[in-house]
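Here's the letter readout for the chains.
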Amino acid sequence: MRKAVVTVTGLLPVAYIPPDFASGQRTAMKYARLLGLCLCFIFLPSESSADNGGGGYSEIPPVTVLTAGFTSHTEAVSAGAKEEEKIEVLFRLKLRDEQGLDELLRRQSDPLSPQFRKWITPQEFVERHSPEQSVVDEVVAHLKSKGLEVTRISANRLLIWASGTNSQLKAALSQPGEQYHAGPIHRYTLQGSGRTSHPLSAVLAVIIGLEEQQWQSTTHAPSSTPPEDHPGLSPQLVSTTYSFPNANNQRAPQPYGGEGNTIAIISFGLYSRQDVEQYWQAFGIRRTGTITDVVFAGGPPLEKNNLETTLDLEQAGAQAPGADILMYLGNRPDSAWFTKILDAVVNEDKAQVVSISWSFCETDSPSAYMPMADLFKQGAVQGMAFFSASGDRGAYRCSEPSATSAACPASDPNVTAVGGTSLTLSTDGTRRNETAWSGSGGAASGLFARPLWQLGVGPAIYDFRLAADVALVSDPNTGYATYHQGQWQLLGGTSFAAPNWAAFWTLASQASGIHLGPANPALYRICTAQPGCGGAFLDITAGANGGGQGTGLPAGPGWDYPTGWGVPNGVMLIEQLSGFPPISQRRAFRTAFLCLTSHMHQLDDNVAGMTFSCSIASKRAQPMPSTDALACCGRCPESGSAQETIQQWDSLLPSCC
C-alpha cells in the first residue's frame, strides 16, 4: 500500500511575521532597531543546482501544499487521499514559555549577562520549555481513541508521530461546529468557540500536504571546461586563503585539528568510504577523528553513493581532521524526514557544530518549517552552531525575478547562512580578487523577524531576518576538487562553503578553549563593534547574486545579502572570539574601556576578545588628543593576562581616568 505523509504542525513562532504585518508593529520594530543600535554601543567593550552553472548544492523538493480555500478539514483530507489510505502524521505541540526561551537565548549571547555562553542540556530544555507530560498524554490518548497508532514521541515532547487511515485522521481532528480555515500562507487552524475544549487544543492543526516527491539532487560542473592544469581548490588552498588555523595552512601560528569537538552532517543518501579516504589521501589529510553513520530506516532505500553526502564529508573531514563526525543520513529529502533527523541531532546533543547543505523555499510551505524552527531554537540554547548553505539560485530562490526570496533553513535566525563568492587566484595560489558569486543565495526572509543582533544592519526598509551572514568561495568556475564514484570532478556551490565553515567553527572552539555556541550573535557583535570587523573578515564589495535571472542584490561595503560580513580571516577571527573573564571583571573592563575611549578614536583590534594590553592600546590609538589616557595606560603592565590587566585598570581608574 502506498503510504502518504501529512504533517500537522503547531503555531508559528513569535518571530513569524505574516505578510499583512500591521503598520503599528512596523513602527514598533523601528523603535526596536534604534534600541538595538544603542545596545550595540553598550555591549561594545565586551566583545544543488543553478541555471548559471552552480553545483554542489542539494535541494529539498518543495512540500506539496494542499490547495488553499478549504472550508472544512474533511474536504482538505479527502482531497489528498482516499478514505482508507494509510497516512503518516506529524503533530507539533506548542513550546512552553517561548518568551522565556527567547530571553534565555538573548542572555546567552550577551557578554554582560551571568548566563553568557551558559548552555543548557536537553533535559533542562524539557523541564523549562517542553509541553507538560500530561498534555502529551492527553493528545496521545485522544489519537489512540480514534484508531490512530502513535509510532513515536520525540524526546523533547514537541513532536508526535502517528499513522492511520484518512477517515481515522478526520475523526481525530473533527469536532461538531468546528471549521478548518485556510490561512493566507496555507496554514490550517482550528476555528470556532469549541477550540479551547478540543482534545488537541495543545496542537494547532496545520495541514501541510501529502508528500509524494521523489528525491531530487543535482550537482553541476562548471559552465566551461577547466584547463588541464586547473586541479580545483584543495583543502590547502582553502585553508591558506582564509587563514584557517590547521595543518593545511603552513602559515598558521599553531595548527589545530578540532580534537575534542564533534561535527554533525545532515544529508540524504549514503557515501563510499573508499571515495572519501581516497580524497583525503590525495591531499595528505591524516584524520584522527572518528566517523559514525546514523542511518534512518523506513521508506525507499537510501542512494548508495550520494554526491552531496560525499562532498560534505570530504570537506569537513579535511579541515577538521581531529574532530569526530556524525553522519545523520535519511532516505528522502522532504520536510518530514528533515524534521525527523534534526530532532535526533538536537535531542541526542552529541555535536557542537552542524553542517547542512539542503534547503527548500520559504514560500513553498512555511508551516512545514515551524517544527524545524523549534528544534533550531532548542539546539541554540544547548550551544549548537548550525551552518547552512544559502543556496545556488541567487536572490530569486523561490520565484521569478519580480521578487527576491530566501531559503530555509538558512533564513532561520538560529542558523548561520553561508553565502558564496567567486575567487580569482594568482599563479602562486594567492588571492588576486574575490567578488560575490552570482549564484549565492541571500535575501530578506518572509518568515522571521529581524533578530536583536541584526538590528541596525543592512537595509532599514525590512523588519525581517536578512541572509546571508558569512561566505566562502563557491563559484564552480573556480571549483573544488571532489572525488566521487572513483573519479575526480571539479564542482562548486554553497554546499562546499557550509561544511568548510562548520569545520572552521570547530577549529575556533578548540583554539579559543571555549564552547562558542551559535555563531551569529558573536559574529555580528564583533562586526558592529569595530570598523571593518576588526580585521576578522575580508569585506566583499563587488558582484551581485542575480543567479542568471535578474540583477540580484549587490555586494557592498560592510554587510550585504550575497556574502554577509564577507569571508573569514580565520586566525584574526578566532582572536576576536576569545573568551571573556568573569562577570565582575567584565564590568570593570567595560568601565575602563569607556574611560579610555573618551580619549581614543580606536583601540586594538582585539578589544572584544580581551587579548590586548595597555601598551598595545596606546600604540594603536589614532589619534590621542589627550595625554591622560596614555599616562593611564603607561601605568598598566606591559604584558600579563587579561585578568591582571583588568585588575590594574580597575585600581587606577579613580586617580587616572
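Residues numbered from 1 in each chain as written. Predicted model: local features only at pLDDT ≥ 70, side-chain atom pairs only at ≥ 80, totals over all residues. Heavy atoms only, no water.

## Here's the deal with the environment of Gln-236
1) Next: On the secondary structure map, Gln-236 appears in helix α7 (residues 235–241).
2) Next: Spatially, the C-alpha atoms of Gln-236 and Gln-319 are 8.7 Å apart, while their sequence positions differ by 83 residues.
3) Next: Once you skip the residues sitting within four places of it in the chain, Gln-236 turns out to touch Asn-248, Phe-283 and Ile-285. (Helix = DSSP H or I, 4+ residues; strand = E, 2+ residues; numbered from the N terminus. Contact = heavy atoms within 4.5 Å.)

## Notes on the pairing of strand β20 (residues 480–484)
1) Next: When you tally the buried positions in β20, you get five out of five residues, the bulk of the element.
2) Next: Alternating residues of β20 divide into Tyr-480, Thr-482 and His-484 and Ala-481 and Tyr-483, and every residue in both groups is buried.
3) Next: By the bridge criterion, five bridges tie β20 to strand β21 (residues 487–491) in an arrangement that is antiparallel. When the sheet's bridge partners are listed, Thr-482 is paired in β21 with Gln-489.
4) Next: The antiparallel hairpin formed by β20 and β21 contains two residues in its connecting segment, where Gln-485 sits at a positive phi of about 55 degrees. (Buried < 20%, exposed > 50% of the residue type's maximum accessible area, 1.4 Å probe, protein only. Pairing = 2+ DSSP bridges.)

## Overview of unusual backbone geometry
1) Next: Cis rather than trans, the peptide bond between Cys-408 and Pro-409 has omega equal to 5 degrees.
2) Next: Residue position: Pro-409 is located in the loop between β14 (407–408) and β15 (416–425).
3) Next: The omega torsion of the bond from Ala-467 to Ala-468 falls at 20 degrees, within 30 degrees of zero and hence cis.
4) Next: By the element assignment, Ala-468 lies in the loop between β18 (464–467) and β19 (470–473).
5) Next: Unusually for a residue other than glycine, Asp-97 sits at a positive phi of about 55 degrees.
6) Next: For Asp-97, the location among the structural elements is in the loop between β3 (86–92) and α3 (98–108).

## What about the side chain of Asp-475?
1) Next: Within the secondary structure layout, Asp-475 lies in the loop between β19 and β20.
2) Next: At 13 Å, Arg-432 is the nearest oppositely charged side chain to Asp-475, a buried residue that forms no salt bridge.
3) Next: Within polar-contact distance, the side chain of Asp-475 engages the side chain of Ser-422 at 2.8 Å.
4) Next: In contact with Asp-475, not counting residues within four places along its chain, are Thr-421, Ser-422, Trp-437 and Gly-492. (Lys, Arg positive; Asp, Glu negative; His and termini not counted. Salt bridge = Lys/Arg side-chain N within 4 Å of Asp/Glu carboxyl O. Polar contact = N/O pair within 3.5 Å; in protein donor to acceptor, adjacent residues only side chain to side chain.)

## Overview of helix α10 (residues 335–348)
1) Next: With 14 residues, α10 extends 20 Å between its outermost C-alpha atoms, agreeing within 8% with the 20 Å of an ideal straight helix rising 1.5 Å per residue.
2) Next: Buried residues dominate α10, accounting for 13 of its 14 residues.
3) Next: Capping the start of α10, Asp-334 holds a side-chain oxygen 3.2 Å from the backbone nitrogen of Ala-336, two or three residues further along.
4) Next: Where α10 terminates, the next one or two residues include Asp-349, which has phi positive at roughly 55 degrees. (Expected span 1.5 Å × (residues − 1).)

## Brief notes about helix α13 (residues 519–529)
Each turn of an α-helix holds 3.6 residues, which means side chains three or four residues apart point in the same direction.
1) Next: Here α13 lies mainly inside the structure; 10 of its 11 residues are buried.
2) Next: Within the sequence span of α13, burial applies to Ala-519, Asn-520, Pro-521, Ala-522, Leu-523, Tyr-524, Arg-525, Ile-526, Cys-527 and Ala-529.

## Focus: the packing of aromatic side chains
1) Next: Per the counting criterion, the structure on display carries 16 aromatic pairs.
2) Next: The interplanar angle of 80 degrees and the centroid separation of 4.9 Å between the aromatic rings of Phe-268 and Trp-358 together place this pair among those described as edge-to-face. Of the two residues, Phe-268 sits in strand β8 (residues 262–268) while Trp-358 sits in strand β12 (residues 358–361), which places them 90 residues apart along the sequence. We note that Phe-268, like Trp-358, is buried.
3) Next: Three or more aromatic residues joined by ring pairs make a cluster, and in this case those are Phe-244, Phe-387, Trp-501, Phe-504, Trp-505 and Phe-537.
4) Next: Over the ring of Trp-280 we find Arg-287, and its NZ or CZ is 5.4 Å from the ring centre.
5) Next: Over the face of the ring belonging to Trp-337 we find Lys-340, whose NZ or CZ atom lies 4.4 Å from the ring centre. (Phe/Tyr/Trp six-rings, centres within 6.5 Å; stacked < 30°, edge-to-face > 60°. Lys NZ or Arg CZ within 6 Å of the ring centre and 35° of its normal.)

## Some thoughts on the pattern of salt bridges
1) Next: Under the defined criterion, the tally for this structure stands at 10 salt bridges.
2) Next: Across the pair Lys-377 and Glu-98 runs a salt bridge whose closest N-O atoms are separated by 3.0 Å. In this pair, Lys-377 sits in helix α11 (residues 366–381) while Glu-98 sits in helix α3, placing the two residues 279 residues apart along the sequence. The two residues Lys-377 and Glu-98 agree in class, both being buried.
3) Next: The salt bridge partner of Arg-465 is Asp-469, with a shortest N-O separation of 2.8 Å. Of the two residues, Arg-465 and Asp-469, both sit in the buried class.
4) Next: Look at the salt bridges and you will find they share partners, linking Glu-103, Arg-106, Arg-107 and Asp-110 into a network.

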